[in-house]
Amino acid sequence: MTMTERGLGRITGMLFALLASTGIHGARAADAPDGQYLTRAADCEVCHTRPGGTPFAGGRAFAIPGMGVIYSPNITADRQAGIGAWTDDQFVKAVRDGVSPGWKHLYPAMPYRDYAYMTPDEVKAIRAYLATLPSSAARPPENTLKFPFSIRSAMIFWNLVNGPASSHPDDPAHTPSWNRGRYLVEGPGHCAECHSPRTFTMGVSTTNAYAGADVGGWRAYNITSSKTDGIGAWSADDLATYLSTGHADGHGSASGDMGDVVSHSLRFLTRQDIGAMVEYLRDIPARSSTDGAPPAVTQPTATHDQADSHGAMLYAGACAGCHLPDGSGRQNPVASIAGARTTLGAANGQNLLQVLTHGSALQTATGTAAMPAFHGGYSDQDVADIANFVMHHFARSSTTVSAADVAKAKTASAPE
Amino acid sequence: MLTLQINGKSVEVDVDPDTPLLWVLRDVLGMTGTKYGCGTAECGVCTVHVDGRPVRSCSLPVGLIGPRKAIITIEGLQADPVAAAVRKAWLDIDVVQCGYCQPGQIMAAIALLKKIPNPTDEQIEAGMSGNLCRCGTYMRIRAAIRNVAAAQGATP
Amino acid sequence: MTSKRISSPALRRRQVLGGAGAFVLAAILPAGRSRGAGMLVEDATASFAPNAYIRIGSDNIVTMILPNIEMGQGIYTSSVMLMAEELGIDPQSVRIEAAPPGGGAEITGGSTSSMTEWMPLRQAGAAARTMLQQAAAARWSCAPGACVAQDGYILGPTGQRLSYGELAADAANLPVPKDVVLKTPAQFRLIGRPMHRLDSQVKVDGQAMFGIDVQVPGQKVGAVAACPVIGGHVGHVDTQAALKIRGVVAVLQIDDAVCVVADHYWAARKGLAALDVQWVEGPNATVDTQAIYRQLEGGLSSSAILADHHGDAQQAITQAHGRYSATYRQPLLAHATMEPINCTIHVRPDGCDIWTGTQVAERARDTTAEVTGLPKDRIRLHSQYIGGGFGRRLEHEYVTQAARFGRQVSHPLKIIWSREEDITRDRFRPAYLDHLEAGLDERGYITGLTHRIVGPAVVARWEPSGLGANGYDDDLSVGTVITPYTYPAYRLEFARREPPGVITAWWRGVGGTRGLFVVEGFIDELAQRAGVDPVAYRREMVRNNPRALAVLERVARESGWGTPLPPNCGRGVALQFAFGSYLATVAEIEMAGPHDVRIRRVTCAVDCGQVINPDQIAAQIEGGLIFGFSAALYNEITLEKGRVQQDNFHTWRVMRMNEAPGRIDVHLIESTESPGGIGETGTAAAAPALANAMAAVQKRRYRFLPLLSPLNQPSGHEKEQQG
């Protein structure tokens, strides 16, 4: 029996037309820009919302290695705490150039370099949409930045080196769909911000774009077309399903920041737009990375690991309730983890430990598919034993993690 | 309206698709044999069968099921010979104490024995360790499952 | 708790329920739900009602009204056995009904059920049988003594035969005899022989009605959230988003909690998630676990209550050949019964019905009377099967809460606490610190023992009249003062400390569980210090206590004590006299590493006096051990900023089947002593037997619970003092 047959009503088949289909005319939509759609495509909500806070009221913390902690601002329509008093042009300048009213340079956690792909009219549409939402007087905490980054004007020099690019006309050598995909990926989607390594000045690497990076304790995997290190071996359907639902059988589920991206952004995009993104992503030149040896999917067998190891026992009790011994997902396809890079020991088990110690919550069409954080009731050694069992069980991976790695993972996530 | 196949009958329920099957069973259809314990698929007291697989109904949104999957609950086992054997084994050695987790334990045991008629102790533990019992009836659950397996082995 | 505070059920005539009771029953039974064996009935209006417990109708249906509530301990089965034994009927033919408030035991708990029922229920059965015999004798004009009761019939001297139903009306006119003759143990046909539980069938069929399963026509379901900090209250509530959720009908508030009411629980949960509540957290918002432990540590050197003493223990220690002391620590513990807290209530202007599982039906009724302003006799409480008690349902605050929400609506309201609410708003087994010091003779045996307990007095809140005049809570005597050992000199002190930010409560085997971990651990340490085998050391200590000696010898023999074991394996022993029963336990374990504990085998020998249903003794010990092992290995409630940090089974870990012992063997020692309690003995034995086994394997002592706490690691906090 194949995994797909065994699954419970897998997320309905999404067969995406990959080449230009009706409705795509290149990067820009033909009609007037849709503010809500663009706000979602640009994934503004995740970064501008404190966990549990009012949407867009800011306050989410970002630990920037070497720089300090910055907090996202309130972008609701409140006139004091938010952006209610800004003019449209001021908003456009902030989003596209990283310069907010009073010539305050925004820190590069705000992907204005990417957002410059959007036209001023599109950015204004975002603003118009934000203005329709409930406002909040909440003020985020003060940033705690190290010198010289504590001086905002330092950003002027940062921008000279890493700063906003100019406009991005469609490339006539490619299909309209490809151009739309590039716009979504490079522009509002700002995928490179996490998936590309950073240069020594913390700018996004262009020479090694999309070859994977460490972000807040997680590994944002290589998403170039490399068949071994990237997503080159994924089918277009799998990639599209993953982007729009956060899950594809044989590839696991999105969690951590990627789970948030799916939950708040990608799942709202049209089939055509997802297809366009897939087309562009699959065309990104293959780059190798240090994400670890390519994961080898192996069907778990009864004999290849010790059924009575401590990790196996813990897995049978604490994990199999959702993931089943063969990793196929018991009640929700999102819980199907077999084949996922994370369970196969990629990035030295880093993401596996992140999921185990911080849990996961993916918004789907049928509610939140959540996994609790297990470190509370299980010791660091217990969690390490579970992780080691999982990596060996699903991939015969020789990667192992220690209790110390678990302790590190517990604290190594982005502060909230 | 969503259509579900429950214990051989087609039923229509008017709930949001994110509603877990558990609450449709208990609060919409009045079938309270399936219990609520954790809501997070950690304890197994809500176990039902969907196409023969033991699933935690507290974490299964009804919108994911569809009209053709066969849902079987503790109330729907009258004609099932394995269920009869399991219940008999449970009664013979007085497994139950407070009894709250037992519908889930029994559903898990039936699914296990249908898949593996003569399980090893390791297979019993792998199949049953997702089901918590606070009274601590594990010793007898194990023994009851062994007894069913032995009886089935004797009369194939 | 100890047995003395539990009042015996009085043999008083129970108020006969009106028609409404029967109506309600019909209403709550879904179509197709049978009234098979084990279903609780609530309509026992019968012609013959000789006492509070037995109803016999002319239709030959015998109904027994059971004073103690069933929560898994098998009390319904043993209660019926006691009455059926004397009445002369087949227990399987009996219908069962839970006693209403005032009609049974005030409280079910403390492993006292069998102790308190042993005489009254047999007397009730014997009284009914005597009256039936008298009624038959009158019909046949013979001597009552010539009539024999058997299997539901009275048999006459010349072959006459009348069923109990046929005699019920006549018997009802006879006076209830004051003195009845009970069967001698030699005449028992049921007592002492294994009998299948009467509640098994309905529980394996999924038909048993637990409180959470109650469905009353017109009921709505409420999801509750109380202030996450004890002592806090509701501040501002924005109901707008919650009321938009499909199915949500209302948002109710009381001072410290909110309840979203909906057509079904999922809608209520979604409504609760959407509800914007600002809590005013109050003074406990700064409490953390360390504050609680620091407070206990202060009690180690402060003034204290002298709880018990004989001889001059301090002098004995001063003059002893050697001295040894140790400090033990135990955490706050949650109950986490599999059935989360719930209560269904229908408050009307003229009365109120409550459907719930409670160990304290009278208290629950009385508090509802206070909240609703209704007279007690207008409040009916319908006891349901309890999906796990363990002391949790000796609290009834959830019934009070349901009444406070329920009085705000006209329809029946079922409140369900989510698992998260159930754990975070539990009332916890207290944390304790114990310090013991022993004076030792040349051979290493005790010449004098001082023991200081630092912790709260649970009884002071729960039943203030139970607190001793000197401020002592004698629940703490279990395992300490009440012990199989006799010490030449002894002194028990209690430094009372009530922890901030939590409410402490009973838990399975409270006094025994806490006391035995400490005392049996300490005695094991003394044996180790003396270089004496732990069983031999205890044998010497109980050589004048034959019942204790018998269980110890038996467990040593049955467990293979002293026989060789594979590497990384070890055994630990615990001996106890608690809840009126003697128990000796040997745990045999394997530890592949300091975090990996496998319990290979547990052996128990028990003398719990006269046994009613022997197989259920074994079942209770098996389950009690696993409950105790689970807590001993994994569990500790911690607080941060006044909030409980554990909330579901990934943070409140419960032992699973693949972690449970490979086998448990329970050996019963025949006894004619009065029945002792059994439901909590296994739980009390678990931690000391396991800790002593772990100490044997790891060659270091385990003085902190949970046992896998880093504090028990070599680098952890461990101090020893030897002289």
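**Q** Where do I start with helix 11 (residues 256–264) of chain A in this structure?
**A** Residues separated by three or four positions in an α-helix point in the same direction, a consequence of the helix having 3.6 residues per turn. Residue and element names in this part refer to chain A. Among the residues making up helix 11, those that are buried are Gly 259, Val 262 and Ser 263. Buried residues along helix 11 cover an arc of 100° about the axis, so they all sit on one side. Buried residues along helix 11 sit against helix 10 (236–245) and strand 10 (360–364).

**Q** Explain the packing of helix 17 (residues 614–634) of chain C against helix 18 (residues 681–698) of chain C here, please?
**A** Packed helices, taken two at a time, are described by the angle between their axes plus the distance between the axes. All names here are of chain C. Running from N to C, helix 17 and helix 18 point in directions that differ by 50°, and their axes come no closer than 7 Å. Here helix 18 runs oblique to helix 17, going by the angle between their axes. Two packed elements cross with a definite hand, and for helix 17 against helix 18 that hand is right-handed. Facing Ile 621, Gly 624, Leu 625, Phe 627, Gly 628, Phe 629, Ala 632 and Leu 633 of helix 17, the residues of helix 18 in contact are Thr 681, Gly 682, Thr 683, Ala 685, Ala 686, Ala 687, Leu 690 and Met 694. A per-class count over the contact of helix 17 with helix 18 returns 11 nonpolar, 5 polar and no charged.

**Q** Quick question: what am I supposed to make of the pattern of salt bridges here?
**A** When the charged atoms of two side chains with opposite charge come close together, those side chains can pair. Residues and elements named next belong to chain C. Inspection of the entire model under this criterion finds 71 salt bridges over all chains. Between Glu 437 and Arg 323 there is a salt bridge; the shortest N-O distance is 2.9 Å. Linking Glu 437 in strand 18 (residues 432–440) with Arg 323 in strand 13 (residues 322–330), this pair joins segments that are 114 residues apart in sequence. Judged by relative accessible area, Arg 323 falls into the partly exposed class, the value being 34%. It is possible to trace a salt-bridge network through shared partners that takes in Arg 392, Glu 395, Glu 397, Asp 426, Arg 427 and Arg 461.

**Q** Which parts of the structure should I look at to understand the environment of Gly59(A)?
**A** Examined against the element boundaries, Gly59(A) turns out to sit in the loop between helix 3 (44–47) and strand 1 (61–64). With sequence-adjacent residues up to four places away left out, Gly59(A) is seen in contact with Arg50(A), Tyr71(A), Ser72(A), Pro140(A) and Pro141(A).

**Q** Just checking my understanding: could you explain the domain arrangement of chain B for this structure?
**A** Buried accessible area, meaning the area lost when the parts come together, often serves as the stated size of an interface. Residues and elements named next belong to chain B. Taken as a whole, chain B is organised into domain 1 (2–76) and domain 2 (81–154). In this structure, domain 1 and domain 2 have C-alpha centres spaced 21 Å apart. If you look at the interface, domain 1 gives 16 residues, while domain 2 gives 13 residues. Taking both sides of the interface into account, the surface hidden between domain 1 and domain 2 amounts to around 1200 Å²; carbon and sulfur atoms contribute 61%. Broken down residue by residue, the surface that domain 1 buries against domain 2 is led by Val 45, His 49 and Ile 74, which jointly contribute 41%. Seen at the junction of domain 1 and domain 2, the total is 0 salt bridges. Counting every contact that joins domain 1 to domain 2 gives 5 residue pairs in polar contact (both at pLDDT 80 or more). Residue assignment for the side of domain 1 that touches domain 2 shows that the elements contributing at least two residues are strand 3 (47–50) and strand 4 (53–56). For the side of domain 1 that touches domain 2, the element with the highest residue contribution is strand 3, accounting for 3 residues. Looking at the side of domain 1 that touches domain 2, its residues break down into 7 nonpolar, 6 polar and 3 charged.

**Q** I keep staring at the interface of chain A and chain C and nothing clicks. Help me out?
**A** Taken together, the contact between chain A and chain C spans 17 residues of the former and 10 residues of the latter. For the pair chain A and chain C, the summed buried area comes to about 1200 Å², and 52% of that belongs to carbon and sulfur atoms. The largest per-residue losses of area from chain A upon contact with chain C belong to His310(A), Met313(A) and Tyr378(A), which jointly make up 40% of the total buried on that side. Between the two partners, chain A and chain C, sit 1 salt bridge. Residues Arg653(C) and Asp382(A) are paired through a salt bridge, measuring 3.0 Å at the closest nitrogen-oxygen approach. Counting across the chain A and chain C interface gives 4 residue pairs in polar contact (both at pLDDT 80 or more). Going through the elements one at a time, helix 13 (310–323) and helix 15 (380–395) of chain A are the ones with two or more residues in the side of chain A that touches chain C. At 6 residues, helix 13 of chain A tops the list of elements feeding residues into the side of chain A that touches chain C.

Thresholds, definitions, all that
- Residues numbered from 1 in each chain as written.
- Chains lettered and ligands numbered in written order.
- Predicted model: local features only at pLDDT ≥ 70, side-chain atom pairs only at ≥ 80, totals over all residues.
- Heavy atoms only, no water.
- Buried < 20%, exposed > 50% of the residue type's maximum accessible area, 1.4 Å probe, protein only.
- Helix = DSSP H or I, 4+ residues; strand = E, 2+ residues; numbered from the N terminus.
- Arc of directions from axis to C-beta.
- Contact = heavy atoms within 4.5 Å.
- Axes fitted to C-alpha atoms, helices over the stretch in contact; angles between N-to-C directions.
- Parallel < 35°, antiparallel > 145°, perpendicular 65-115°, else oblique.
- Left-handed = near helix turned anticlockwise from the far one by under 90°.
- Nonpolar A, V, L, I, M, F, W, Y, C, P; charged D, E, K, R; others polar.
- Salt bridge = Lys/Arg side-chain N within 4 Å of Asp/Glu carboxyl O.
- Domains from an automatic or database assignment.
- Buried area = accessible area lost by both parts, 1.4 Å probe.
- Polar contact = N/O pair within 3.5 Å; in protein donor to acceptor, adjacent residues only side chain to side chain.

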